Amino acid sequence: MGISQYIKEIGRGKDGARSLTREQAADLLGQVLDGNVTDLEVGGFCLAMRIKGETPEEMAGFLDAAHARLHLLPSAGPTTVVLPSYNGARKLPVLTPLLALLLARRGAAVLVHGTATEDRRVGASQVLAQLGVQASREVRAVGAGEVAFVPTEVLSPGLKRLLDVRRTVGLRNPAHSLVKLMNPCAGQAFIVGSYTHPEYAGSMAATWALTGAHALLLRGTEGEPVADARRTPRMEIFHHGTRTEVQAQQDGPLAQLPTLPSVDAADTAAYIRAVLDGTHPIPTPIALQVEHILRALAAHEPATHAHAL
């Protein structure tokens, strides 16, 4: 059928554009992910949505389309903590691997998924590789106490293609928000979502309310799903879409700032090893984030394991 009729609706400019229903958004993105549209149509869709912005209903529809096509990780029993890692390190080291390993050390099953969206940043996958966690080439269950890294293209080649459009047009598109909201697990998942700008906090929260997510939301470090080691951000827990603040935002930096490594993958990995062996303390904001996640898992561990979104 094509997506030209949808582009006409969303492409009328910031003030004239009309929003799609959840069902229309699912149909649109489904066609894009299936590769049934031209590159010109994909570009038109990405630019139109960039100008208009996604509504929570549209994002819920995009999630419906993505979830129907993802290669889901089988359930190993416990709830899987999902860490979407797409931004990487620019000025600060990427400490998503530290969060993952701290959670696994406490018995959690942890999935990190992502792909490089900017060539000049150091990604969590590079740091994880330095720590002995290699990228998986297939989807598989993640056991308690384990960290796995699964590249986006293994979960969904269509999503990877859509993310890569940014390299051509230079602008983000709905896929960049979608990957931070989605559940790539067949079983129960707890998603750790992050935002860089306050307006995204509201849209992410509204989308999770519509989809009944089990998740934690915070302003992450340069877009990564890990608390800034220098100050404690506000943290909110979502359970079946219901939103509860569990951590207030700290005004100003910590009284004693931690000594952090450079953004280099090897330096960051060495720092993480030092934290794990007790040579360096766990940065307080990240320690608090770990506790909030583990508390949420303990409080809401399901009796049966059904798809979370």
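Each remark here, short or long, concerns the structure printed above.
Model, not experiment: these values are computed from the prediction.

S.K.: For the pairing of strand β4 (residues 189-195), give the residues involved together with the corresponding values.
M.R.: Where burial is concerned, most of β4 is hidden: seven out of the seven residues are buried. Side chains A189, I191, G193 and Y195 project from β4 onto one buried face, and the interleaved F190, V192 and S194 project onto a second face that is buried too. Here β4 runs beside strand β5 (residues 215-219); their pairing, made up of five bridges, is parallel. Of the residues in β5, the one forming a bridge with I191 is A215. Handedness of the crossover joining β4 and β5 through helix α11 (residues 198-211): right-handed.

S.K.: Let's hear about the pattern of salt bridges: which residues, and what values?
M.R.: Summed over all chains, the structure comprises 15 salt bridges. Here E54 and R172 are joined by a salt bridge, their closest N and O atoms 4.0 Å apart. Taken as a pair, E54 in the loop between α4 (39-52) and α5 (56-69) and R172 in the loop between α9 (157-169) and α10 (174-178) lie far apart in primary sequence, 118 residues in all. Judged by its relative accessible area of 18%, E54 falls in the buried class. Overall, the relative accessible area of 14% leaves R172 in the buried class. The salt bridge partner of E146 is R140, with a shortest N-O separation of 2.8 Å. Here R140 falls in the partly exposed class, since its relative accessible area comes to 33%. In this structure, a network of salt bridges that share partners links the residues R234, E236, R243 and E245.

S.K.: Can you tell me about the nonpolar core, naming the residues and giving the values?
M.R.: The biggest cluster of nonpolar side chains holds 55 residues, and the ones touching the most others in it are L29, V32, F45 and L162. Setting aside residues up to four positions removed in sequence, V32 forms contacts with I3, V37, V42, F45 and L162. In this structure, L102, L218, A229 and L294 belong to the second largest nonpolar core, which totals 42 residues.

S.K.: Got a sec to walk through the sheet that holds strand β2 (residues 109-114)? Specific residues and values, please.
M.R.: Taking strand neighbours across the sheet as the criterion, the seven strands line up as β3-β2-β1-β4-β5-β6-β7 in an open arrangement whose pairing is mixed. Where the open sheet ends on each side, the last strands, each with one partner, are β3 (147-151) and β7 (242-247). With direction set aside, neighbouring strand axes in the sheet form an average angle of 25 degrees. Sheet topology places strand β6 (residues 235-239) next to β7; five bridges connect them, and they run antiparallel. Note on β7: the bridge partner recorded for M235 is Q247. Sitting on the sheet, α11 touches β4, β5, β6 and β7, and the angle it makes with β4 is about 155 degrees. The sheet strands contacting helix α13 (residues 284-300) are β1 (80-84), β4, β5, β6 and β7, and the helix crosses β6 at an angle near 15 degrees.

S.K.: Pulling in residues and values, what's your account of the side chain of H214?
M.R.: In this structure, H214 sits in the loop between α11 and β5. Classification of H214 as buried rests on a relative accessible area of 3%. Leave out the neighbours within four places in its chain, and H214 touches Q188, A189, F190, I191, F238, H239, A296 and H300.

S.K.: Provide a residue-level description of the packing of helix α3 (residues 22-33) against α9, including the pertinent values.
M.R.: At a minimum axis distance of 8 Å, the contact between α3 and α9 shows a crossing angle of 90 degrees. In terms of orientation, α3 lies roughly perpendicular with respect to α9. Packed against α3, whose contacting residues are L29, V32 and L33, the element α9 presents G158, L159, R161 and L162 at the interface. In terms of residue class, the contact of α3 with α9 is built from five nonpolar, one polar and one charged.

S.K.: I'd like a rundown of the environment of T284, residues and numbers included.
M.R.: For T284, the location among the structural elements is in helix α13. Under the relative-accessibility criterion, T284 is labelled partly exposed at 42%. When the C-alpha positions of T284 and A227 are compared, they lie 9.3 Å apart, and in sequence the two are 57 residues distant.

S.K.: If you had to explain α3 to someone new, which residues and values would you point to?
M.R.: With twelve residues, α3 should cover 16 Å at 1.5 Å per step; its first-to-last C-alpha distance of 16 Å lies within 8% of that length. The complete set of buried residues in α3 reads A25, A26, L28, L29, G30, Q31, V32 and L33. Positioned one or two residues after α3, G35 has a phi angle of 75 degrees, which is positive.

S.K.: Tell me what's going on with the packing of aromatic side chains, and back it up with residues and numbers.
M.R.: In this structure the tally under the stated criterion is two aromatic pairs. Residues F45 and F62 carry aromatic rings whose centres are separated by 6.0 Å and whose planes lie at 85 degrees to one another, so their mutual orientation is edge-to-face. Residue F45 is found in helix α4, and its partner F62 is found in helix α5; the two are separated by 17 residues along the sequence. Across the pair, exposure class does not vary: F45 and F62 are buried alike.

Cut-off values and rules
Residues numbered from 1 in each chain as written. Predicted model: local features only at pLDDT ≥ 70, side-chain atom pairs only at ≥ 80, totals over all residues. Heavy atoms only, no water. Buried < 20%, exposed > 50% of the residue type's maximum accessible area, 1.4 Å probe, protein only. Helix = DSSP H or I, 4+ residues; strand = E, 2+ residues; numbered from the N terminus. Pairing = 2+ DSSP bridges. Right-handed = clockwise from strand over helix to strand, strands pointing away. Salt bridge = Lys/Arg side-chain N within 4 Å of Asp/Glu carboxyl O. Core = buried A, V, L, I, M, F, W, Y, C linked by side-chain atoms within 4.5 Å. Contact = heavy atoms within 4.5 Å. Axes fitted to C-alpha atoms, helices over the stretch in contact; angles between N-to-C directions. Parallel < 35°, antiparallel > 145°, perpendicular 65-115°, else oblique. Nonpolar A, V, L, I, M, F, W, Y, C, P; charged D, E, K, R; others polar. Expected span 1.5 Å × (residues − 1). Phe/Tyr/Trp six-rings, centres within 6.5 Å; stacked < 30°, edge-to-face > 60°.

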